[in-house]
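Chain by chain, the residues run as shown.
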Amino acid sequence: MERDRTLDLMKGVAIVAMIVGHLGWRGPEYKWIFSFHMPLFFIISGFLHGRISLSGKSVAKQFKRLVLPYVVSACAIGAGYLFLSMFAEAADERGLSYWVKAVFWGAGIGHHHSPLLADVPCIGAIWFLLAMFWCRLMFNLLAMISTRPGVLAAASVAVSVVCIAVHHRVVNLPLSILPGGSALVFYTAGYLLRLYDGFSRISLPVAAVLLALWVAATYLSPYTLQVVGCSYPVYPLSVAGAIAATGVIYFCCKKLLSLRLRALDVVVWLGEVSLVILCLHDFDLMVPVRERLGITTPLTSIVYDLTFCTLGTVLLSQFAATREIFKLKKFQIIR
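From a predicted model like this one, the values you see are computed outputs, not experimental measurements. (Residues numbered from 1 in each chain as written. Predicted model: local features only at pLDDT ≥ 70, side-chain atom pairs only at ≥ 80, totals over all residues. Heavy atoms only, no water.)

Q: Tell me what's going on with the side chain of S160, and back it up with residues and numbers.
A: By the element assignment, S160 lies in helix α6 (residues 149–169). According to the relative accessible area criterion, S160 is buried, its value standing at 0%. (Helix = DSSP H or I, 4+ residues; strand = E, 2+ residues; numbered from the N terminus. Buried < 20%, exposed > 50% of the residue type's maximum accessible area, 1.4 Å probe, protein only.)

The following block contains the structure:
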C-alpha cells in the first residue's frame, strides 16, 4: 500500500515536537507539545491498523516490529552510557545492574505516582515502543470480542481508565504496560476515524471547532498531559483535546502538502523513519555525549539532536541488519 504523505508529515511534526519538548524547552509551548505529540502517534497507528488477530504469527510480527528495536536500542543505550562512564572523573552510579533493571522496566520516567514501585530505573523515550506493543495487543483482544464501534469505544475507554487508576492508586507495572493501556483510547479513536473516513471530513469550519477544543483542553488542564506517566489532567478533556489536535494537524498538513514545498520533504522523511529517530533521540537523551561536548542550551541541544538523529538514521540504513530491525530503506544521496 502506498504511503500517505499527510500521515508521514504529521509524524514528522510530532517527532520534532517531541525532541523540542524533551530538550529543556519549558516555555508556554511545552504544554502544547505534550497535549498532542504522543497521542498523535497512537491515533495514527490505530488509523493504519491492519487485520485484527491475536495469532502467534501476528503477535510475533508485532514483537519484531516494536520489542526487538526496543531491546536493541535499550542495550545500545546502556552500553554507551557504561562506556562513556569509564572516562568520567568520578565513579558513576548507573552501573550494569541499573541498566538491566531499566531494560526490564521500560519506564519513560523514573518517578511515578503509584503507591507501589514508584521509583524505578528510567530507560527514556523508547518506553513508547513497549507501550505501543501492549496497546495493539489490547486493541486486538477487544476487537476480537466485538467490532461494533460503540462497544469497542466504550471498552477502550474502560481499559484506559482502569490502567490509569491502577497506576495512580495501586502499582506501577513494568514494561510500560499501563501507559500502553491508558493510550488505548487514542488507538481506538484512530481506528474509528478510518472506519468513518473521519480525517477527510475535516473542512475549515470543522478544523476551527477542533482548534477551539484543543485550545480549551490545553489551557483548562491544571497540568500537562503525559501518557508516559498515565497523567491525564481532566480525562475527558485531555482525550478530546488530543484527538482534536490530531485533526487540526491533519488539516494543516494536508493543506501544506498541496503547496508542494520541497522543504516539507525533509519533515515527511522524518515521519517515515520516526521509529529510528525515536531510538536515536533516546540515545542522545540517556548517554551524556552532548553534555560532555558542552552543548547545554535548549536551542543548540535541539539542533545537535536533530543532526545526530538524521545522520544516525542515514548510517543505520547502510547496514542490512539495522535496516531489518528498524524497517529502514537504504538511504542514497544520489538517486
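Q: Any chance you could break down the layout of surface pockets for me, citing the residues and the numbers?
A: Taken as a whole, the largest pocket encloses approximately 1600 Å³ of empty space. In this structure, the largest pocket is lined by 48 residues; those nearest its centre are R3, K11, L48, R65 and R136. Sorting the residues of the lining of the largest pocket by element identifies α1 (5–22), α2 (29–47), α3 (56–85), α5 (127–145), α11 (264–272), α12 (274–286) and α14 (298–316) as the ones contributing at least two each. Considering each element in turn, the lining of the largest pocket owes the most residues, seven residues, to α3. (1 Å grid on protein atoms, 1.4 Å probe; cavity = no way out; pocket = protein on both sides within 12 Å on 5 of 7 lines; lining within 4 Å. Points joined across faces, edges and corners; volume = space filled by probe spheres on them.)

Q: Please set out the packing of aromatic side chains residue by residue, giving values where relevant.
A: Ring pairs (aromatic) are described by centroid distance and by the angle formed between their planes. Applying the stated rule across the entire model yields 20 aromatic pairs. On the basis of an interplanar angle of 20° and a centroid distance of 6.2 Å, the ring pair of F186 and Y232 is categorised as stacked. Of the two residues, F186 sits in helix α8 (residues 184–195) while Y232 sits in the loop between α9 (204–220) and α10 (235–257), which places them 46 residues apart along the sequence. Residue classification places F186 among the buried positions, given a relative accessible area of 0%. By relative accessible area, which is 7% here, Y232 ends up buried. Plain terms: the ring middles of F283 and F308 are 6.2 Å apart, the flat faces sit at 20° to each other, and that makes the pair stacked. Separated by 25 residues along the polypeptide, F283 in helix α12 and F308 in helix α14 bring together distant segments of the chain. (Phe/Tyr/Trp six-rings, centres within 6.5 Å; stacked < 30°, edge-to-face > 60°.)

Q: A description of empty space enclosed by the protein should follow, citing residues and the corresponding values.
A: Scanning all chains against the criterion turns up two cavities of 30 Å³ or more. By volume, the largest cavity amounts to about 90 Å³. Listing elements by their share of the lining of the largest cavity, those giving two or more residues are α2, α9 and α10. For the lining of the largest cavity, the leading source of residues is α10, giving four residues. Per-class residue counts for the lining of the largest cavity are seven nonpolar, six polar and one charged. Taken as a whole, the second largest cavity spans an internal volume of roughly 40 Å³. Taken together, W105, G106, A107, G108, H112, N172, L173, L175, S176, P179 and V228 form the lining of the second largest cavity. Residues belonging to the lining of the second largest cavity are distributed by class as follows: six nonpolar, five polar and no charged. (Nonpolar A, V, L, I, M, F, W, Y, C, P; charged D, E, K, R; others polar.)

In short, geometric facts, not functional conclusions.
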